[in-house]
Amino acid sequence: MKILVCISNVPDTTTKIRFVDDNKAFDKNGVQWIINPWDELALTRALELKEASGGAIEKISVITVGTKDAEPVMRKALAIGADDGIRVDTEAKDAYYVAMQIAEAIKDGGYDMILAGIESSDYNGSAVGRMIAEFLEIPSVSSVSKIEMEGGNISLKREIDGGTEVMETELPFVAIVQKGIALEPRIPNMRGIMMARKKPLAVVAPADGDALTEFAGFELPEAKAACKMVDEDNVKELVNLLHTEAKVI
Amino acid sequence: MNFEFTEEQLMIRDAARDFAQRELLGDVIERDATATFPTEHVKKLAELGFMGMMVDPKYDGGGMDTVSYILAMEEISKIDASVSVIMSVNNSLVCYGLQKYGNEAQKEKYLKPLARGEKIGAYLLSEPEAGSDATMQRTTAEDKGDHYILNGTKNWITSANSASTYLVMAQTHPEKRHHGINVFIVEKDSPGISLGPHEDKMGMRSSDTHSVMFTDVKVPKENRIGEDGFGFKFAMKALEAGRLGIAAQALGIASGALERAIQYSKERKAFGTEIANHQAIAFKIADMAVKVENARNLCLKAAWLKDNGKPFTTEGSMAKLYAADIAMEVTTEAVQIHGGYGYVKEYHVERLMREAKLTQIYEGTSEIQKIVISRGLLRD
Amino acid sequence: MSVLVYTENWDGKFKKLSYELVSYATALAKELGTSATALSIGNVDETELKSLGNYGASKIISVSDDRLANLVNSAYSKVIAQVAEKEEANVIVFSNNFGGKALAPGVSVKLKAGLVAGVTALPSSIEPFTVKKAVFTGKAFANVVVKSDKKVLSLARNSFGISETDNNAAIEIFTPELSDGDFRTNVKDVTKVMGKVLLMDAEIVVSGGRGMKGPENWGPIEELAELFGGATACSRPVSDEGWRPHTEHTGQTGKIIAPNLYIAAGISGAIQHVAGVSSSKCIVAINKDPDAPIFEVADYGIVGDAMKVLPQMVEAVKELKAEG
């Protein structure tokens, strides 16, 4: 069995967001890049499954769509424990374009389980994983918070508005995963870091096609009015303000 | 000239940073207050390979260069110098010395578990009356044919209680003065070894420091490292490498204090604006940043020399001297910037200041470093 | 030409969320000079279906098929795409909730329709079609141009509001063409969260952080949430410590919520936490530390011990309620 984990290269979550070129582009200057947190959890779970599978899962691959700038996070994914990687060498224009590129690159790869984070912390598209399934015409399960494998049986727990459901699915499939899928991401160890340099990271040319959307520009939220302070001995006044001024209770 | 780090070096730095944030930050204040040894933390550090990161993979080490080591030491020291001193002693004194001067059997038996971090190492040179002047070893190692008998007391031993493998310097031929000193691998549970009380230190309180008493401790001859009389040279060579670890630790303490000062000065308001907008604070930050950057460059330069097989004694001493001195200055300023908050434990900087002080004292005081540097320059 | 809006139901009932979506689709249709059609999948009775008309839908398409009892990504997406084609819809609107995330991307690929997820307003321009969405987890907004003829939008919660109109909408039954190949996932077991108001749905959320010291001190948080008919939440350290379940964790890597009122008790307001709650309409912060970053994003603040302030708040809210 082979697992593929889709990786997005995103700015560290504590990055101060700024824009350049007349607010048309994100300011990449000085930004620390990380594996998208949900993707990192997906990779962690994939590794846990592989380790517990007694050899049934033979390989974990990672894929990203991005320019050379995305290589350090791919190398990190390899250091954490992925066996090999693919980078589709093009700008990640929009979710449709990225999903199309991934689908093209992996359609003959023989992956049984494809994992993608439910969204990326940069453009919050929440779409790539689900779109890959549609391009490949394979089943998908969204908002998955648990993946278990026993024998050859895979069971998935998904969150829906109002509860959770345990699912089974035909292979191959895409699981779009969210928080809870793994407790916390792994820190690569020295051995992993050393081995990462020797693991294959294929660079493939993008397929023909175009994005369906594009960014016209960005804006930062308006500065919030200063916080109105209420004395700690006057909690009643706070409740009154919420009732009469903010009108939220 | 190339100031770029490699992808691996950056990955190691990030791994150390993640580890420190995730595993050390949460209880560092409590461990400092209660002087609790970071048993679990060191175990996790070992699992990541940080306890023997420069050891050849052939001996179960990480096979990383000294530059990576400096980066990792800086990140861990930013958060917790008690943990980084355990890491430093194990890596750059004990593992370094064993790998460089031990024989195959010694490496197989002692280096491997140390490199894997399953065991912790300690370096026993200082004595109650032989600190900076290490030639005056009073601990004796009497040659009994197939073994030695050790007697004496060692002082200020980092990880004395938690370590299992000791490297002990002891005098075999007093008439030859320091040429008579030997170095031995001694297992901590050998009969005749006893520990003094846990030292109640000003800083780095989570690392365990004790004196160690040897009473007729029998050490097999095969546990001597190198030729008869090699001990003093071994001690000095190990300290040369160890210095880089402590230099990087001092750097980390300083840069950790700087980061906290920057963050605090952007949040704290006084006279209607963030204190970072007051020039008195802004200039302090500028001065601190220049010092930290200088210390970092000295550390990396010395590490680069070592990695490239070039002499690094003078540069290593410069890095240790400068980083330790500025760590004291920068942490003091960080406390000042924090005002009253800086003086309470919750804000970390008072602890960093207490930790900084030790870097000027151990593994060669600042004064000793000046001797090393000046001798290097003035020798004919 | 029309605007199609996919409305989710829960056991045959629509929620405020569905009505907000219809309101949005109706306003959008007006700008495009067309009308809004609402699509409902599942067993929903006629009165409930008609209620969608009260928010402006001029036509309601109902799909009822036993095989669609549970959400199946591929089958549902196919049904929506078929209805979109039949209705010649050029914009299809979803919620950006779990259901929307499971379906909108599928419909986007099927129709080759550009998708914008998490839209916060009506288009700022029709030609080119430009809509605003939050990016960087609420730290900025982007104006996105959809270049394709057909468009798929998913609307961020509580970003538009509800507008009622009087509209007697016609109900139309649609029978989709589905094959076995559309049902390759299967639900084996369902756990419903009953009785409690769900965090994602709550208008008012009371949230606790490490400043609450321990799980035994959650009493006033729960009481306050219950008084408001709201939900409880927590910061990441709290769920990591196991004081509260992970399902309550709000923040960058947890749930991202946008209630009308968010009360942060004993939460310092780390940037990762704020990212998950900053879209709340009103934020109240209670924290001992006057410099806690949570006060930067809060609308109202009290510097004080949350464990002392909350019980007083419970009393004050009870009094307010008693006054009617």
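Residues numbered from 1 in each chain as written. Chains lettered and ligands numbered in written order. Predicted model: local features only at pLDDT ≥ 70, side-chain atom pairs only at ≥ 80, totals over all residues. Heavy atoms only, no water.

Please clarify how the overall build of chain B should be interpreted in this entry.
Each helix and strand counted, chain B has 11 helices and 9 strands in total. For 380 residues, the compact-globule estimate of 2.2 N^0.38 gives 21 Å, and chain B sits close to it at 21 Å. Dimensions of chain B along its principal axes, counting C-alpha atoms only, are 80 × 45 × 35 Å. For chain B, the proportion of its 380 residues judged to be buried stands at 56%. When contacts within chain B are restricted to residue pairs at least 6 apart in sequence, long-range pairs at least 24 apart make up 73% of them. (Helix = DSSP H or I, 4+ residues; strand = E, 2+ residues; numbered from the N terminus. Rg over C-alpha atoms; globule rule 2.2 N^0.38 Å. Buried < 20%, exposed > 50% of the residue type's maximum accessible area, 1.4 Å probe, protein only. Contact = heavy atoms within 4.5 Å.)

Just checking my understanding: could you explain a negative patch on the surface for this structure?
Residues and elements named next belong to chain A. A cluster of acidic residues, Asp231, Glu232, Asp233 and Glu237, forms a negative patch on the protein surface. Within the secondary structure, Glu232 is located in the loop between β15 (228–230) and α6 (235–244). Since its relative accessible area comes to 33%, Glu232 is described here as partly exposed. (Patch = residues over 30% accessible without salt bridge, like charges linked within 9 Å, V, L, I, M, F, W, Y side chains within 5 Å. Areas by Shrake-Rupley, 256 points an atom, 1.4 Å probe, with all protein chains shown as cover. Salt bridge = Lys/Arg side-chain N within 4 Å of Asp/Glu carboxyl O. Lys, Arg positive; Asp, Glu negative; His and termini not counted. Charge placed at Lys NZ, Arg CZ, Asp CG, Glu CD.)

Can you walk me through the interface of chain A and chain C in this structure?
Interface size is commonly expressed as the accessible area that is lost once the parts come together. Contacts between the two partners involve 80 residues from chain A, matched on the other side by 86 residues from chain C. Each partner contributes to the roughly 7300 Å² buried at the junction of chain A and chain C, and carbon and sulfur atoms together form 58% of this total. One can count 8 salt bridges joining chain A with chain C. Salt-bridge contacts for A:Glu219 lead to C:Lys132; the nearest nitrogen and oxygen are separated by 3.0 Å. Applying the counting criterion to the chain A and chain C interface returns 35 residue pairs in polar contact (both at pLDDT 80 or more). Taken together, the elements giving at least two residues each to the side of chain A that touches chain C come down to α1 (37–52), α4 (128–136), β9 (140–150), β10 (153–160), β11 (163–169), β14 (213–219), β15 and α6 of chain A. Examining the composition of the side of chain A that touches chain C, we find that 8 residues originate from one element, α6(A), more than from any other. Within the side of chain A that touches chain C, the residues separate by chemical class into 39 nonpolar, 20 polar and 21 charged. When β15(A) meets strand β17 (residues 300–303) of chain C, the two strands line up parallel, connected through 3 bridges. (Buried area = accessible area lost by both parts, 1.4 Å probe. Polar contact = N/O pair within 3.5 Å; in protein donor to acceptor, adjacent residues only side chain to side chain. Nonpolar A, V, L, I, M, F, W, Y, C, P; charged D, E, K, R; others polar. Pairing = 2+ DSSP bridges.)

Explanation requested: helix α4 (residues 66–79) of chain B in the structure shown.
Because each turn of an α-helix spans 3.6 residues, side chains separated by three or four positions in sequence point in the same direction. Under the 1.5 Å per step criterion, the end-to-end length of α4(B) is 20 Å for 14 residues, consistent within 8% with the ideal 20 Å. Of all 14 residues making up α4(B), 14 are buried, and the element is well covered by its neighbours. (Expected span 1.5 Å × (residues − 1).)

Sorry, what's going on with the nonpolar core here?
Side chains of a nonpolar character, in soluble globular proteins, are inclined to be buried together. Of all hydrophobic cores here, the largest spans 157 residues; its most connected members are A:Ile147, B:Phe50, B:Tyr123, B:Leu150 and B:Tyr166. Not counting the four nearest positions on each side in its chain, B:Tyr166 is found in contact with B:Ala122, B:Leu124, B:Ala160, B:Phe184, B:Ile185, B:Val186, B:Lys188, B:Ile193, B:Leu195, B:Val212 and B:Phe214. Counting 56 residues, the second largest nonpolar core, distinct from the first, contains A:Ala127, C:Ile41, C:Ala84 and C:Leu103. (Core = buried A, V, L, I, M, F, W, Y, C linked by side-chain atoms within 4.5 Å.)

What is the right way to look at the confidence of the model for chain B in this model?
It should be kept in mind that the predicted coordinates are not to be read in detail where pLDDT is low. With 100% of its residues at a pLDDT of at least 70, chain B reaches an overall mean of 95. Overall fold confidence for the complex sits at a pTM of 0.87, while the interface term, ipTM, reaches 0.91. (pLDDT = per-residue confidence, 0-100.)

Please clarify how the sheet that holds strand β6 (residues 59–65) of chain A should be interpreted in this entry.
Whether parallel or antiparallel, the strands of a sheet pair through hydrogen bonds between backbone atoms. As summarised here, the arrangement of the 10 strands in space is β13(A)-β7(A)-β6(A)-β1(A)-β8(A)-β12(A)-β9(A)-β10(A)-β11(A)-β12(C), forming an open sheet in which the pairing is mixed. With one partner strand each, in any of the chains shown, β13 (201–204) of chain A together with β12 (185–192) of chain C form the two edges of the open sheet. The average angle at which neighbouring strand axes cross in this sheet is 30 degrees, direction not considered. Where strand β8 (residues 113–117) of chain A and strand β12 (residues 173–177) of chain A come together, 5 bridges link them in parallel fashion. When the bridges of β12(A) are listed, A:Ile114 appears paired with A:Val174. Along the sheet face, helix α3 (residues 95–106) of chain A touches β1 (2–6), β6, β7 (84–88), β8 and β13 of chain A and points at about 140 degrees away from the line of β6(A). (Axes fitted to C-alpha atoms, helices over the stretch in contact; angles between N-to-C directions.)

It is not clear to me how the pattern of salt bridges should be interpreted in this structure. Could you clarify?
Side chains that differ in sign of charge can pair as their charged atoms come close. One pass over the structure, following the stated rule, counts 70 salt bridges over all chains. Between B:Asp14 and B:Arg13 there is a salt bridge; the shortest N-O distance is 3.4 Å. With a shortest N-O distance of 3.3 Å, B:Glu142 and B:Lys144 are connected by a salt bridge. Here B:Lys144 falls in the partly exposed class, since its relative accessible area comes to 43%. One salt-bridge network, in which partners are shared between bridges, spans A:Lys68, A:Glu71, A:Arg87 and A:Asp89.

Would you explain the pairing of strand β1 (residues 2–7) of chain C in this entry?
Consecutive residues of a regular strand have side chains that alternate between opposite faces of the sheet. Residue and element names in this part refer to chain C. Of all 6 residues that make up β1, 6 are buried, and the element is covered over most of its length. Side chains of β1 alternate between two faces, with Ser2, Leu4 and Tyr6 and Val3, Val5 and Thr7 buried alike. As judged from the 4 bridges shared by β1 and strand β6 (residues 89–95), these two strands associate in the parallel manner. Counterpart to Val5 in the pairing with β6 is Val93. Both β1 and strand β4 (residues 36–41) contribute to a ladder of 5 bridges, which runs parallel. Residue pairing for β4: Leu4 is matched across the bridge by Thr37.

Help me understand the packing of helix α7 (residues 231–267) of chain B against helix α10 (residues 349–359) of chain B in this model?
The relative placement of two packed helices comes down to the angle between their axes together with the axis-to-axis distance. All names here are of chain B. Where α7 meets α10, the axes come as close as 10 Å, and the angle between the chain directions of the two elements is 160 degrees. By the angle class used here, α7 and α10 are roughly antiparallel. As for the relative orientation of α7 and α10, their crossing is left-handed in sense. Residue-level inspection shows Ile246, Gln249, Ala250, Ile253, Gly256, Ala257 and Arg260 of α7 in contact with α10, the latter providing Val349, Leu352, Glu355, Ala356 and Thr359. Residues belonging to the contact of α7 with α10 are distributed by class as follows: 7 nonpolar, 3 polar and 2 charged. (Parallel < 35°, antiparallel > 145°, perpendicular 65-115°, else oblique. Left-handed = near helix turned anticlockwise from the far one by under 90°.)

I'm lost on the sheet that holds β17(C) in this one. Help?
The strand order across the open sheet formed by 6 strands is β15(A)-β17(C)-β16(C)-β15(C)-β13(C)-β14(C), and the pairing between neighbours is parallel. A strand with exactly one partner marks an edge of an open sheet, and here the two such strands are β15 of chain A together with β14 (231–234) of chain C. Put simply, the sheet's adjacent strands are angled 20 degrees from each other on average, direction ignored. Here strand β16 (residues 282–287) of chain C runs beside β17(C); their pairing, made up of 4 bridges, is parallel. Within β17(C), the position partnered with C:Asn287 by the bridge is C:Val303.

Please explain unusual backbone geometry as it appears in this structure.
As a rule of thumb, non-glycine residues mostly have phi less than zero, and peptide bonds are mostly trans rather than cis. Between A:Leu171 and A:Pro172 the backbone carries a cis peptide bond, its omega angle lying at -10 degrees. Of note, A:Pro172 is situated in the loop between β11 and β12. Omega for the bond connecting C:Glu127 with C:Pro128 falls within 30 degrees of zero, at -5 degrees, which places this linkage in the cis form. Positioned with a positive phi, A:Asp22 is a non-glycine residue whose angle comes to about 60 degrees. Under the relative-accessibility criterion, A:Asp22 is labelled exposed at 69%. Despite not being glycine, B:His348 shows a phi value in the positive range, around 70 degrees. Among the structural elements, B:His348 can be located in the loop between α9 (313–338) and α10.

How should I be thinking about the domain arrangement of chain B in this particular structure?
Residue and element names in this part refer to chain B. Entries for chain B in the domain assignment read domain 1 (7–120), domain 2 (122–232) and domain 3 (239–378). Counting residues at the interface gives 7 residues for domain 2 and 11 residues for domain 3. With both chains or domains summed, domain 2 and domain 3 bury close to 690 Å², and 72% of this area falls on carbon and sulfur atoms. One can count 0 salt bridges joining domain 2 with domain 3. Applying the counting criterion to the domain 2 and domain 3 interface returns 1 residue pair in polar contact (both at pLDDT 80 or more). When the residues that make up the side of domain 2 that touches domain 3 are grouped by side-chain class, the tally is 4 nonpolar, 2 polar and 1 charged. (Domains from an automatic or database assignment.)

Can you help me understand the packing of α4(B) against helix α5 (residues 81–101) of chain B in this one?
All names here are of chain B. α5 packs onto α4 with a crossing angle of 155 degrees between their chain directions and a minimal axis gap of 7 Å. In terms of their interaxial angle, α4 and α5 are classed as roughly antiparallel. Contact residues: Tyr69, Ala72, Met73, Ile76, Ser77 and Ile79 in α4; Ala81, Val83, Ser84, Met87, Ser88, Asn91 and Ser92 in α5. When grouped by side-chain class, the residues that make up the contact of α4 with α5 number 8 nonpolar, 5 polar and no charged.

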